[in-house]
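Okay, here's what each chain looks like letter by letter:
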Amino acid sequence: MFEWLKRAFSHRQDDERRRFFELVDALNARASGGTPTTVERRLGTLRIHSGVLAIGDPQDMPSVEIPDIDAAEVSISARLWRYPSGSANVVGLAMSIGDDSQCDVSCKVGELAIDSAKVIVADRADIREYWTETGLDRIGVISTARDKTVLRELTRRFKLKTTQVNVVRAEVVGAVSKSLEQEIEDYLRSIPEYARYPFMQFYVQTNNSFDRANFMNKAWEFMPVGNAEFPVMFVCGTGRGDGRYDVRCRYCGNRPRVVTIDFIGDEGEGARGEYAI
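Residues numbered from 1 in each chain as written. Predicted model: local features only at pLDDT ≥ 70, side-chain atom pairs only at ≥ 80, totals over all residues. Heavy atoms only, no water.

Describing the overall build of the protein
Phase 1: Across its full length, the protein carries five helices and 15 strands.
Phase 2: The principal-axis extents of the C-alpha atoms in the protein amount to approximately 65 × 50 × 45 Å.
Phase 3: Counting over 277 residues, the protein shows a buried share of 42%.
Phase 4: Within the protein, residue pairs in contact and separated by at least 24 positions form 71% of the contacts whose partners lie at least 6 positions apart.
Phase 5: When the accessible surface of the protein is totalled, it reaches about 15,300 Å², and 50% of it is carbon and sulfur.
Phase 6: Separation of charge centres in the protein, based on 37 positive and 41 negative side chains, amounts to 5 Å. (Helix = DSSP H or I, 4+ residues; strand = E, 2+ residues; numbered from the N terminus. Buried < 20%, exposed > 50% of the residue type's maximum accessible area, 1.4 Å probe, protein only. Contact = heavy atoms within 4.5 Å. Areas by Shrake-Rupley, 256 points an atom, 1.4 Å probe, with all protein chains shown as cover. Lys, Arg positive; Asp, Glu negative; His and termini not counted. Charge placed at Lys NZ, Arg CZ, Asp CG, Glu CD.)

A look at unusual backbone geometry
Phase 1: Note the cis peptide between M61 and P62, where omega equals -5°.
Phase 2: Along the chain, P62 turns up in strand 3 (residues 60-66).
Phase 3: Cis geometry marks the peptide bond from F230 to P231, where omega comes out at 0°.
Phase 4: Positive phi values are uncommon outside glycine, yet D68 reaches one of about 65°.
Phase 5: The phi angle at N207 is positive, at roughly 55°, despite the residue not being glycine.
Phase 6: Following the sequence through the fold, N207 ends up in the loop between strand 11 (202-205) and helix 5 (209-214).
Phase 7: Overall, the relative accessible area of 19% leaves N207 in the buried class.

Quick look at the layout of surface pockets
It is a probe the size of a water molecule, rolled over the atoms, that shows where empty space is left.
Phase 1: The space that makes up the largest pocket amounts to roughly 370 Å³.
Phase 2: As for the largest pocket, its lining consists of 19 residues, and the residues nearest its centre are N89, A117, G237, T238 and G239.
Phase 3: Secondary structure elements with two or more residues in the lining of the largest pocket: helix 1 (3-31) and strand 5 (88-96).
Phase 4: Ranked by residues supplied to the lining of the largest pocket, first place goes to strand 5 with three residues.
Phase 5: Classifying every residue of the lining of the largest pocket by side-chain character gives eight nonpolar, eight polar and three charged. (1 Å grid on protein atoms, 1.4 Å probe; cavity = no way out; pocket = protein on both sides within 12 Å on 5 of 7 lines; lining within 4 Å. Points joined across faces, edges and corners; volume = space filled by probe spheres on them. Nonpolar A, V, L, I, M, F, W, Y, C, P; charged D, E, K, R; others polar.)

Concerning the packing of aromatic side chains
Phase 1: All chains considered together, the criterion is met by six aromatic pairs.
Phase 2: Between F158 and Y187, the aromatic rings sit 5.9 Å apart at their centres with planes inclined by 75°, giving edge-to-face as the arrangement. Of this pair, F158 sits in helix 3 (residues 149-158) while Y187 is found in helix 4 (residues 178-189), placing the two residues 29 residues apart along the sequence. Like Y187, F158 is buried.
Phase 3: Aromatic ring contacts, followed pair by pair, group W220, F222 and F234 into a single cluster.
Phase 4: Over the face of the ring belonging to F215 we find R169, whose NZ or CZ atom lies 5.5 Å from the ring centre. (Phe/Tyr/Trp six-rings, centres within 6.5 Å; stacked < 30°, edge-to-face > 60°. Lys NZ or Arg CZ within 6 Å of the ring centre and 35° of its normal.)

Here it is in structure tokens:
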């Protein structure tokens with residue numbers, strides 16, 4: 001009865017998405033010197049010793065697993081939008097495993113829900129063994145998202161030296177000890193306005209596994225999973241940002257040979273879902 005209304009609403013949503021994508025792309029082009037060109041590039045190899053490839057958002061790692069890997073490493077390639085400034089966005093990933101000359105057609109094997117605008121690819125065993133909630137750094141972060149009231153008060157009260165990193169974030173110069181962290185948290189809890197969520201005003205960032213992936217400012221990088229130099233994981237940005245992305249795979253028999261994720265299609269369309277910068 002209401003099929004015509006559903007179709008009309010769907011077309012309206014598609015038009016809004018397209019306009020939103022065009023706006024994001026125009027802003028990126030303006031900031032990066034002009035319209036990007038599409039290039040394909042082999043980025044490197046990743047060691048896989050457990051036989052299971054793990055993929056996911058830094059907040060939900062892993063969310064998709066590819067078992068039955070019969071090679072010691074996978075080769076990672078990307079489709080990039082390369083801007084005149086030299087910056088790039090990853091708009092598609094391909095992970096090749098062994099000989100793919102006799103592959104079947106690709107099929108969907110999972111779906112990524114990305115909320116960090118980043119995706120991680122790693123060996124599942126490395127994530128389980130080396131992923132850490134506590135890194136080696138102790139960076140004091142003070143929020144200036146609303147204003148600089150808390151920054152001024154903490155700087156005065158605790159004799160802190162700080163540097164403004166960006167509009168919403170200031171950092172304490174030098175490592176913040178556990179005792180100083182506790183003193184600052186106790187002080188914020190004594191103020192009714194901040195008592196319930198003091199961490200929204202101040203917290204200590206240790207650059208744990210999540211921090212390193214989430215705050216990466218490159219288009220892509222091979223970086224340590226844990227606090228040691230090895231093993232490493234692959235991390236990249238996801239085209240225009242957050243969204244839902246299909247993970248597809250081509251098989252030879254029951255062996256995976258090519259795993260692909262399209263963040264932005266060949267025609268510039270988002271893979272699927274809703275997106276944010």
